[in-house]
Amino acid sequence: MTLIYDKYYRTENLFGEPYPKLIEFFNKYPKNGKVLDLGCGQGRDSIPLARIGFDVTGIDSSKVGIEQMNQIARDENLALNGVIADIFKFENFKEYDYVLLDSMFHFEKNDRIKETEFIKKIISQIRKGCLVIFCIQDTGKKVQILKDTIGFEEKVHHIVEKGFKYIFEDNGHKSESNYRMIVINKTKH
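Criteria and thresholds
- Residues numbered from 1 in each chain as written.
- Predicted model: local features only at pLDDT ≥ 70, side-chain atom pairs only at ≥ 80, totals over all residues.
- Heavy atoms only, no water.
- Buried < 20%, exposed > 50% of the residue type's maximum accessible area, 1.4 Å probe, protein only.
- Helix = DSSP H or I, 4+ residues; strand = E, 2+ residues; numbered from the N terminus.
- Pairing = 2+ DSSP bridges.
- Right-handed = clockwise from strand over helix to strand, strands pointing away.
- Contact = heavy atoms within 4.5 Å.
- Salt bridge = Lys/Arg side-chain N within 4 Å of Asp/Glu carboxyl O.
- Polar contact = N/O pair within 3.5 Å; in protein donor to acceptor, adjacent residues only side chain to side chain.
- Phe/Tyr/Trp six-rings, centres within 6.5 Å; stacked < 30°, edge-to-face > 60°.

(A) Fine view of the pairing of strand β5 (residues 131-137). With respect to burial, β5 is a largely interior element, six of its seven residues being buried. As paired strands, strand β4 (residues 98-102) and β5 are joined by five bridges and run parallel to one another. Along β5, the bridge assignment pairs Y98 with L131. Chirality of the crossover, the property in question, places the unit of β4, helix α5 (residues 112-125) and β5 among those that are right-handed.

(B) The arrangement of the pairing of strand β3 (residues 80-84) in detail. In terms of strand pairing, strand β2 (residues 55-60) meets β3 through five bridges, oriented parallel. For G58, the partnering residue across the bridge sits in β3 and is G82.

(C) Here's a closer look at unusual backbone geometry. Even without glycine at this site, N77 takes up a positive phi of about 55°. For N77, the location among the structural elements is in the loop between α4 (63-76) and β3. Since its relative accessible area comes to 70%, N77 is described here as exposed. The residue S103 is not glycine, and still its phi comes out positive at about 60°. Position of S103 relative to the elements: it lies in the loop between β4 and α5.

(D) Here's a closer look at the side chain of T116. Note on placement: T116 falls in helix α5. Residue T116 is classed as buried on the basis of its relative accessible area, which comes to 12%. When near neighbours in sequence (up to four residues on either side) are disregarded, T116 contacts F107, I145 and T149.

(E) Geometry of the pattern of salt bridges. Overall, the coordinates contain eleven salt bridges when judged by the stated rule. Across the salt bridge formed by D102 and R44, the nearest N and O atoms sit 2.9 Å from each other. Here D102, found in strand β4, pairs with R44, found in the loop between β1 (34-38) and α3 (46-51); they are 58 residues apart in sequence, far enough to count as distant. Taken individually, D102 and R44 each receive the classification buried, so the pair is uniform in this respect. Across the pair R180 and D138 runs a salt bridge, and its minimum N-O distance is 2.7 Å. In this pair, R180 is assigned in strand β7 (residues 173-186) and D138 in the loop between β5 and α6 (142-150), connecting sequence segments 42 residues apart. The network of salt bridges with common partners includes D138, K147, E161 and R180.

(F) Representation of the environment of D37 within the structure. Structurally, D37 can be placed in strand β1. With 45 residues separating them along the chain, D37 and G82 place their C-alpha atoms 9.3 Å apart. Apart from residues no more than four positions distant in its own chain, D37 is found in contact with D45, S46, V56, T57, G58, I59 and L100. Within the structure, the side chain of D37 is placed 2.7 Å from the side chain of S46, a separation counted as a polar contact.

(G) Seen up close, the packing of aromatic side chains. The tally for this structure, following the rule as stated, stands at twelve aromatic pairs. Judged by centre distance (5.5 Å) and plane angle (85°), the ring pair of F25 and F26 falls under edge-to-face. F26 carries the same exposure label as F25, and that label is buried. Between F88 and F118, the aromatic rings sit 4.7 Å apart at their centres with planes inclined by 55°, giving tilted as the arrangement. Of this pair, F88 sits in the loop between β3 and β4 while F118 sits in helix α5, placing them 30 residues apart in sequence. The exposure class of F88 is partly exposed, given its relative accessible area of 22%.

Scope: geometric values only; no functional claims are made or implied.
Rendered as C-alpha cells:
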C-alpha cells in the first residue's frame, strides 16, 4: 500500500484542500495545542493546522507524501514534523491534545478488526481531555461501525457530530461525497 501512495503522491496536493468544517472546528480552539495527524499523506490537514498555529506531528507510511509535507514546513517555518511510520504501531498518544483521523477508516472486511482495534487502542491510551477527531465517508455502514467501536468506552463523551458534503475537483473530474465528522473527548482515566 505504501508504494501505491508513493506513486499517487507524485501529483502534489493530490487530495486537494482540507474539509472546511474541519478547519472551522479547529479554529474554535486555542492554537497552542499539539495535534497528531495519523495517515496525514501529503499534509492536506497538517499544513493548514500548522499555519493557523497548532504544533502538528503528521505520520504516514508514504515517504513521498512526508517529504513533500516536510519541505513545505521548512519553507514556511511551520511547527510541523512529518514522520514516516506505520500508524498502527504508534504508541505515544498521551503527548497530544488532538488526534486527527481523516478518511483513515473504511472498515472493509479484511481491515475491519485491525481498524476497530486501533481505534480502541487510541481511546484507551489518550489522556483525559484529549479530543479525537474522525472524518469518515458517510456510506454503507461506516459511520455505524465507528460509533459502535467508540461506544465500547464509558469514558468517552461525544461533543460534535456534523455531516457535510465534500466536493473534489481534479482535471475536469468532479465528485461529491457525504462525510461525517465525529469528535469525542476522553472525560475520565
